[in-house]
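One letter stands for each residue in the lines below.
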Amino acid sequence: MSEKKSQGQNKKNKKKRKMGVIKILLVTIILIGFIGAGATAGIAMSVIKTAEPIDASNIYEMLDQSSFILDSEGQVIEQIESNNFRVIIDYAEMPKHLKDAFVAIEDERFWTHKGIDIKRIFGAFWTNLRTGSKQGASTINQQLAINLYLNRADKRYTRKIKDAYYGIMLDKQLSKEQILETYLNTIYLGSSAYGVQAASQVYFSKDAKELTIAESALIAAITKYPSRNTPIITLEKADVEEHHIILDDSDPVYTIVMNEKIDEYTITRQKLVLNSMKRLGYITETQYNLALQEDVKSSLKPNRSITENISSYFGDLVKKDVISALEEHGYSNDEANNMLYSGGLRINSTLNTKLQKILEEEYADSNNFPKIKSSDKTTLLKKEGFSEDEQKNLIDDKGQIQPQSAMVISDHRTGEIKAIIGGRMISGQKIFNRALSPRQPGSSIKPIAVYTPAIDRGFTTSSVVDDVPGYFNKSTPNTPWPKNLYLNGGYRGLITLREALERSSNLVAVKLGSMLAANKSDSINTMLSYMKKMGITTVHTGETPLIINGKKYTDETLSTALGGMTRGVSPLEMNAAFNVLANKGTYIKPITFTSIYDRHDNLIFENTPEQHRVVTPQVAYIVTDMLRGVVTSSRGTGGKANIGNIPVAGKTGTTDDRKDAWFIGYTPYYSASVWIGSDQPVSLDSGSSAAAALWGKIMKRVHEGFDFKDFEMPSDIVKVDVCTISGKLPSESCSLDPRGSTVRTEIFIKGTEPTEKCDAHMRANIHIPSGKLATDLVPPWQLESKVLVKRPIPYYPSENGGITPLDYVYEMPTEYYNPLTDGFENSFPDWSIDDGEMGGNYNEHNGINIIESQNNH
């Protein structure tokens, strides 16, 4: 009975305390509300009654509730420890002037109010009413309550009521010292630092107890807008400019610089903190003046070990994407970071652990990668002479193995990234993700920039382009450009788009790129437009140039058709661009996670990727079929990417001097991109064939046990026999081409198939000695009937430095034999006949019996 009575009394006391809190809140609300106070009070009552009870006795256990990343099967792959640096220190270890600085700027009546500051509420209400601003009135109690129990991004009035309620409850359950200690250990202070001890280490590389008054005021100044008021910023080295003040440049990828707006924001607010400390009597006039005179900027000494994160390539990308998604959902950057690292989130990622393991295993094998060209090893190592280990595993002067590589595997139907690796044989810190870093794509860009737009704009697989010298470089108008690597600078002649893509003809890519619209300028813009629609964000136009040292660079040149870009493309974006073709013409933005749940298992974000149609399924299928030939055709450049019974479509790419090697391809199941090269571009001893081989080896393992599946053919695809020389319907002469029949079965989008017969193949009588067209004056023994090719546009080697394409020998001559100018050489038969020989000589060229020819004369 006594136990029950005691429990009943405790309930009454709790109820009494809660009612006391409600009374305080209601008085405040009624005073502010004036009109409609009754309704407001009713709302407040209902909100408070539904508020979760709090127990401040376990307050430190709530500081960090780790978030988790789960793979596509729901298994935990990473516990997101708070890489937002936090070190808990006792109240007694905090210098008095540090505590005073925060109270002075954040809550000057902290020591006297009961959790909410009614005077401040009235002041903020009047200021906001008078100026239209949004001045806050939260106390340190309320801010702590928000950090621990509520969602800062929730701007509804119900949250305001709850944080006021919780602020009062904290004041009842904890002493002022306990509240301030917890607040100073939990508050976010920019640059991944949580709490004053962490901030002291991050910004000054010292303990909080060693901070000066000026340094304490600077840290307190960060609180209002941490991302803006932080005194330091971490940049990629490429983004560091001359005006930046470098504080730490020891990392190979990132540089820590002083916030260029430190005077405008941080120092200005620091002075406000110092002034408030003086006004409230926390510091003397002398201390105030000395603090103002202290050059606190020169004291900045970032702690590099504190600001670095250790994580996986995929995990880093997930965290980056989650923060971006939360920001798009209405959270500030600081709020998003706090939720990710301390909010106990459950993030369902897209990672396929099995595929990721395959990537990691193959990237650990040095035999899968080419070597650095011998002449360039000195450049990387900055020395001469190499040990046996250096010959096999070349380590640069920054301690990283070269060449490097990156690979992305994704599901092209959903945009989900299934596996990713941004470097090889790197342990510990994996900051630089090469899968996200742009590199020159070489010929791998051709299907995206040239062939897809061409097919979409009416060209067909059998459209013929003359692969002969072109003059597309305006700076050297008399020198042929580009040249074909596959022929050591030579030219093939008349060639279909299918064969040109399989052979990776540079000349055809540029010529076709210049034919996409009515003029060269519009054609280039068409290329860039398709690249952007297919997800490439590193395209620079005249409106968005890349500016380096005041000079503007753009991709508005025909060299873009060959992958010669200002910045290049990342392996991730190349993968996404090819996914358009694999996904029947629809672009889907790559995603690393599908949903986010909070610590209470409530869905707070469902990740639906951005998508839009680029081309029709028919166009995508035609280009896919062309890309299959790159892998399966004997003339294709990507044969090493073949994985057996599963079809592969893809494209190789190699940049000048083999500094970058690519293969991007896809199957009906997955797509993947591979890049190989050195961080400091130097020549490889093998080009795109090495990338194709690595792609093939990994994807063969990925597809182990998969059933055969073909690329799905959409409706309105027709098959038609064509002549590969004219691109038209075959004539009788096409099968008699001296190189063999040129008749092939091709696929077309219905309505684009040819309707005219081949007019390129023609039969003609040739004067054998001169090689010219025969006339009536040519004797029959010098005649030969041939099937030759008449070019739609004549080509003259004499006008092109004597350069002849490979098919020039089969070209129909344009001149007729003239005995007056061409002579009578061999115009008469040899009358000598061996004794006893009956009949005469047989001319192997024309099959005419010489005796018969004599009788004719």
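Residues numbered from 1 in each chain as written. Predicted model: local features only at pLDDT ≥ 70, side-chain atom pairs only at ≥ 80, totals over all residues. Heavy atoms only, no water.

This next bit is on the sheet that holds strand β21 (residues 649–654). If you trace the 5 strands from one edge of the open sheet to the other, you get β12-β11-β23-β22-β21, paired in antiparallel fashion. With one partner strand each, in any of the chains shown, β12 (416–421) and β21 form the two edges of the open sheet. Averaged over all adjacent pairs, the angle separating strand axes in this sheet is 10 degrees, with direction ignored. Contacts between helix α16 (residues 353–363) and the sheet are confined to β11 (404–411), β12 and β23 (671–677), with β12 contributing the most and set at about 20 degrees to the helix. Where helix α25 (residues 688–702) meets the sheet, its contacts fall on β11, β21, β22 (660–666) and β23, and the angle it forms with β23 comes to roughly 140 degrees. (Pairing = 2+ DSSP bridges. Helix = DSSP H or I, 4+ residues; strand = E, 2+ residues; numbered from the N terminus. Axes fitted to C-alpha atoms, helices over the stretch in contact; angles between N-to-C directions. Contact = heavy atoms within 4.5 Å.)

On to the packing of helix α11 (residues 262–279) against helix α12 (residues 285–293). The angle between the axes and the distance between the axes are what describe a pair of packed helices. Where α11 contacts α12, the axes come no closer than 10 Å and their chain directions differ by 170 degrees. What the angle tells us is that α11 and α12 run roughly antiparallel. Taking contact as the criterion, the partners of K271, L274, N275 and K278 in α11 are, on α12, E285, Y288, A291 and L292. Across the contact of α11 with α12, the residue classes break down as 4 nonpolar, 1 polar and 3 charged. (Parallel < 35°, antiparallel > 145°, perpendicular 65-115°, else oblique. Nonpolar A, V, L, I, M, F, W, Y, C, P; charged D, E, K, R; others polar.)

Along the chain, N337 falls in helix α15 (residues 333–342). Polar contacts involving the side chain of N337 include one to the main-chain carbonyl oxygen of N333, which spans 2.9 Å. (Polar contact = N/O pair within 3.5 Å; in protein donor to acceptor, adjacent residues only side chain to side chain.)

Before going further, it helps to spend a moment on the state of the cysteines. One pass over the structure, following the stated rule, counts 0 disulfides. Free cysteine C723: the closest other cysteine sulfur is in C734, separated by 3.6 Å. Residue classification places C723 among the buried positions, given a relative accessible area of 0%. (Disulfide = S-S within 2.5 Å. Buried < 20%, exposed > 50% of the residue type's maximum accessible area, 1.4 Å probe, protein only.)

What follows is about helix α24 (residues 617–632). Helix length check: α24 (16 residues) gives 22 Å between terminal C-alpha atoms against 22 Å at 1.5 Å per residue, within 8%. Burial of α24 is extensive: 13 of the 16 residues sit out of reach of the surface. (Expected span 1.5 Å × (residues − 1).)

With that settled, the discussion passes to the environment of T752. Examined against the element boundaries, T752 turns out to sit in the loop between β25 (743–749) and β26 (761–767). Here T752 falls in the partly exposed class, since its relative accessible area comes to 32%. Spatially, the C-alpha atoms of T752 and F459 are 8.1 Å apart, while their sequence positions differ by 293 residues. From its side chain, T752 meets the backbone oxygen of I749 in a polar contact 2.7 Å long.

Once that is clear, we can look at unusual backbone geometry. In this structure, the amide linkage connecting Q402 to the following residue, P403, adopts the cis form with an omega of 0 degrees. Its location among the elements puts P403 in the loop between β10 (401–402) and β11. Residue P482 follows W481 across a cis peptide bond; omega there is 0 degrees. Along the polypeptide, P482 turns up in the loop between β13 (464–467) and β14 (493–496).

A separate point is the nonpolar core. Within the largest apolar cluster, 85 residues are counted, with the highest numbers of intra-cluster contacts made by I347, I448, Y451, M531, I596 and L627. Grouped together as the second largest cluster of nonpolar side chains are 60 residues, M94, M169, L180 and L274 included. (Core = buried A, V, L, I, M, F, W, Y, C linked by side-chain atoms within 4.5 Å.)

As a further point, take the sheet that holds β26. Note: strands within a sheet are paired through backbone hydrogen bonds, in either parallel or antiparallel orientation. Overall, antiparallel pairing links the 3 strands, which are arranged β27-β26-β28 in an open sheet. The sheet terminates laterally at β27 (772–773) and β28 (783–789), the two strands that pair on one side only. By the bridge criterion, 7 bridges tie β26 to β28 in an arrangement that is antiparallel. Across the sheet, residue R763 finds its bridge partner in β28, namely V787.

To continue, consider the pattern of salt bridges. Scanning the entire structure with this criterion turns up 36 salt bridges. Note that D316 and K319 form a salt bridge whose closest N and O atoms lie 3.9 Å from each other. Placement of both D316 and K319 in helix α14 (residues 313–328) is noted, with a separation of 3 residues, approximately one turn of the helix. Classification of K319 by relative accessible area gives buried; the value is 7%. We note a salt bridge from R635 to E499, for which the minimum N-O separation is 3.7 Å. Separated by 136 residues along the polypeptide, R635 in the loop between α24 and β21 and E499 in helix α20 (residues 497–503) bring together distant segments of the chain. On the basis of relative accessible area, R635 is assigned to the partly exposed category, the value being 31%. Residue classification places E499 among the buried residues on the basis of a relative accessible area of 14%. (Salt bridge = Lys/Arg side-chain N within 4 Å of Asp/Glu carboxyl O.)

The next subject is the packing of aromatic side chains. Tallied over the entire structure, the rule returns 10 aromatic pairs. When the ring of Y363 is compared with that of F369, the centres are 5.2 Å apart and the planes differ by 70 degrees; the resulting orientation is edge-to-face. Take Y363: its relative accessible area is 1%, and that puts it in the buried class. Taken together, the ring pairs in this structure connect Y669, Y670 and F706 into an aromatic cluster. (Phe/Tyr/Trp six-rings, centres within 6.5 Å; stacked < 30°, edge-to-face > 60°.)

What follows is about the confidence of the model for the protein chain. Of the residues in the protein chain, 81% have a pLDDT of 70 or more, and the chain-wide mean is 85. Confidence over residues 1–12 falls short of pLDDT 50; this stretch has 0 contacts with residues more than four positions distant or in other chains. (pLDDT = per-residue confidence, 0-100.)

Moving on, we come to the environment of V408. Position of V408 among the secondary structure elements: in strand β11. Assessed through its relative accessible area of 0%, V408 is described here as buried. Remark: the alpha-carbon pair of V408 and G422, spanning 14 residues in sequence, is separated by 8.5 Å.

As a further point, take the side chain of K511. Within the secondary structure, K511 sits in helix α21 (residues 506–513). In this structure, K511 is buried with no salt-bridge partner, the nearest side chain bearing the opposite charge being D466 at 5.8 Å. In this view, K511 contacts V465, D466, V468 and F472; residues no more than four positions away in its chain are not counted. (Lys, Arg positive; Asp, Glu negative; His and termini not counted.)

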